[in-house]
Amino acid sequence: MQQVASNGTPKTFLDQVIAATPGNPHLEMCIQCGTCGGSCPSGPDMEHTPRDLFAMVRAGMKDQVLRSNTPWYCVSCYYCTVRCPQEIHVTDLMYTLKRMSVKSKLYDESIAPDFSKTFIFWVENNGRSFELGLMAQHMLRHNPFGVFKIADMGVGMVTKGRIGFTPKRIKGMDGLHAILAKAKEIEAEDDAKIMGGAA
Amino acid sequence: MRYSVFPGCSLEKGAAGYPYWQSMEAILKPLGVELVEVDDWNCCGATEYIALNRMAAYSLIARTLALAAKTDGLREMVAPCSACYLNLSKADKYLTDDAALADKVNVALGAGGLHYKPGTVKTRHLLDVIVNDVGYKAVEQQATKSLAGLRIAPYYGCLLTRPAVYGQTDSPEYPTALDKLMKVLGAEVVDYPMKAHCCGGHMTQISEASAFDMIRRLVKGAADYHADIIVTVCPMCQLNLDGFQGAMNRYYKGDYHVPVLYFTQMMGLAFGLDAATLGIGAEIVDARPALSRIGVQVPPPEEEAKPAHKPRRPKEALPMPVMPGSEEVEQ
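Residues numbered from 1 in each chain as written. Chains lettered and ligands numbered in written order. Predicted model: local features only at pLDDT ≥ 70, side-chain atom pairs only at ≥ 80, totals over all residues. Heavy atoms only, no water.

1. Here's the deal with the side chain of B:Ser210
By the element assignment, B:Ser210 lies in helix 7 (residues 208-224). Since its relative accessible area comes to 2%, B:Ser210 is described here as buried. Here B:Ser210 is in contact with A:Ser42, A:Asp45, A:Tyr73 and B:Met203, once residues within four sequence places are set aside. (Helix = DSSP H or I, 4+ residues; strand = E, 2+ residues; numbered from the N terminus. Buried < 20%, exposed > 50% of the residue type's maximum accessible area, 1.4 Å probe, protein only. Contact = heavy atoms within 4.5 Å.)

2. With respect to the interface of chain A and chain B
The interface of chain A with chain B comprises 69 residues on the first partner and 71 residues on the second. There are 9 salt bridges connecting chain A and chain B. One can count 36 residue pairs in polar contact (both at pLDDT 80 or more) joining chain A with chain B. Of all the secondary-structure elements, those providing two or more residues to the side of chain A that touches chain B are helix 5 (79-83), helix 6 (90-104), helix 7 (111-126), helix 8 (131-142), helix 10 (151-159) and helix 11 (173-195) of chain A. For the side of chain A that touches chain B, the element with the most residues is helix 11 of chain A, which contributes 12 residues. Classifying every residue of the side of chain A that touches chain B gives 33 nonpolar, 16 polar and 20 charged. (Salt bridge = Lys/Arg side-chain N within 4 Å of Asp/Glu carboxyl O. Polar contact = N/O pair within 3.5 Å; in protein donor to acceptor, adjacent residues only side chain to side chain. Nonpolar A, V, L, I, M, F, W, Y, C, P; charged D, E, K, R; others polar.)

3. Structural notes on the side chain of B:Thr71
Residue and element names in this part refer to chain B. Following the sequence through the fold, Thr 71 ends up in the loop between helix 2 (54-69) and strand 3 (76-79). Thr 71 gets classed as buried once you look at its relative accessible area, which sits at 7%. The contact partners of Thr 71, leaving out residues within four places of it in the chain, are Ser 4, Val 36, Glu 37 and Val 38.

4. Comments concerning the environment of B:Val33
Residues and elements named next belong to chain B. With respect to the secondary-structure elements, Val 33 resides in the loop between helix 1 (18-31) and strand 2 (34-37). Between the C-alpha atom of Val 33 and that of Ala 247, which follows or precedes it by 214 residues, the distance is 38 Å. With residues up to four places along the chain from it excluded, the contact list for Val 33 reads Met 1, Tyr 3, Leu 28 and Val 134.

5. Focus on helix 7 of chain B
Residues and elements named next belong to chain B. With 17 residues, helix 7 ought to run about 24 Å at 1.5 Å a step, and its terminal C-alpha atoms sit 23 Å apart, in line with that. The complete set of buried residues in helix 7 reads Ser 210, Ala 211, Phe 212, Met 214, Ile 215, Leu 218, Val 219, Gly 221 and Ala 222. Where helix 7 is buried, its residues touch strand 5 (151-155), strand 7 (229-232), helix 8 (235-243) and helix 9 (245-252). (Expected span 1.5 Å × (residues − 1).)

6. Regarding the sheet that holds strand 7 of chain B
All names here are of chain B. Strand order in the open sheet formed by 4 strands is 6-5-7-8, and the pairing between neighbours is parallel. The open sheet is flanked by strand 6 (188-189) and strand 8 (260-262), the only strands paired with a single partner. The sheet contact formed by strand 7 and strand 8 spans 3 bridges and is parallel. By the bridge assignment for strand 8, Ile 230 is matched with Val 260. (Pairing = 2+ DSSP bridges.)

7. Things to note about the domain arrangement of chain A
Taken domain by domain, chain A holds domain 1 (13-108) and domain 2 (111-184). The C-alpha centroid of domain 2 of chain A is placed 28 Å from the C-alpha centroid of domain 1 of chain A. (Domains from an automatic or database assignment.)

8. So, the sheet that holds strand 3 of chain B
Residue and element names in this part refer to chain B. Here we have 4 strands laid out as an open sheet, ordered 2-1-3-4, and parallel in their pairing. Lying at the two open borders of the sheet, with one neighbouring strand each, are strand 2 and strand 4 (122-125). Taken over all neighbouring pairs, the strand axes of this sheet differ in orientation by 40° on average, direction set aside. Here strand 1 (residues 2-5) pairs with strand 2 via 4 bridges, running parallel. Considered in strand 2, the bridge of Arg 2 is made with Glu 34. The strands that helix 1 touches are strand 1, strand 2 and strand 4; relative to strand 2, the one it contacts most, it runs at about 135°. (Axes fitted to C-alpha atoms, helices over the stretch in contact; angles between N-to-C directions.)

Encoded structure:
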């Protein structure tokens, strides 16, 4: 169970991570068996395996955890989650750590967070995702010469009608803007409670 | 059978997964399944919104669920994309289990004049609906053309079956529904060891090394088992395995050519529908050689416009040295 201070703020980094994760992620139950890392398709690219990272969370190594590239290399395949003998929601925890690392501005590499931000830029402004806009904006910023590497694919996708040139926009944009603004307000209040204003 | 449907951004006209939508519509008609599109649905947030803002991510999904709950009184919604399917069903589960989260999300929805009672709409993947509601038998009865002669690697990816706690019906480690479906249609199904592994999702945009490694494992796995074709259930998987197969080949100096089609396209072929109706021909890795094995003729893509030959030098220019063998070009 979480340790909560008298003002309602979780006491330790472990408690904060648990409190910021939807559902009950069972993180305090980790027995350090390593099944998560052993099941991970992108494990070799991670600075810390999920097992390492969870040990660091428990040890209160907040800065090191939020600087790690590990959450950003999680591909959300959920192998770890279905195999964990302690039923820890590993993938959900990786999303929590991504959010914390963006909000704390501790992660130095920008390509993965920027991809999420660019994706959401289109969703927040149109209600729907826009593949061409996302790819163009992201590649211009992070991989301008990458366009040449996938030029044949791009040409194929265009001639075969699989790329649209105009974003689709939902009718209820005003309502969506209001919903998301309110949601962000609630998120900020929650964060203040969970992190004690620290993040 | 009647369901509401959440197409998802990838299946819209002009999006990479549009052939999936075309083929889905074509096969559901003869199977007697009617779909009603949720009016003004929005993006599910993919794997991106939840990485930035938890409450906004859940509210975005809840808006679609609230609109789905208003769709003709239908209580089950079909999502053909595995990522949409997981996001919608998972959010509904968390909202059902966590009343405090649901209350907050409803405060946000209220700002847009909406409300969602958790558990009202059950989201189901298209494959689940076809094998469990329509049934293998009804599919078999519609089939007029056997897929015999085609070796198929059935590819499930991740989010159709994992994590197995939001009503998924198949095994998270060794799913078999797609295997059975393809066998019913007469295809030879490869016991594909990579069938539930990850295609890498958005990693092509973040780390080539990581993305191409995952794509390579899947394509090589299918090639090693002499599969003629990979059959998939998700537009993201299709895009990664088909669209990025060429880039992966260049990265590894490899030469794989394994076409990747949707299971709905294979069903359509077995139902005797023509390739163009099913969106076949829009794939990047040419599926025609594989499909010719079952006698399916796909019209060749329109002749690419050849650049008009422009003489490099005016005729009256001074003669230039001519390389042996190039005389006739120079005239």
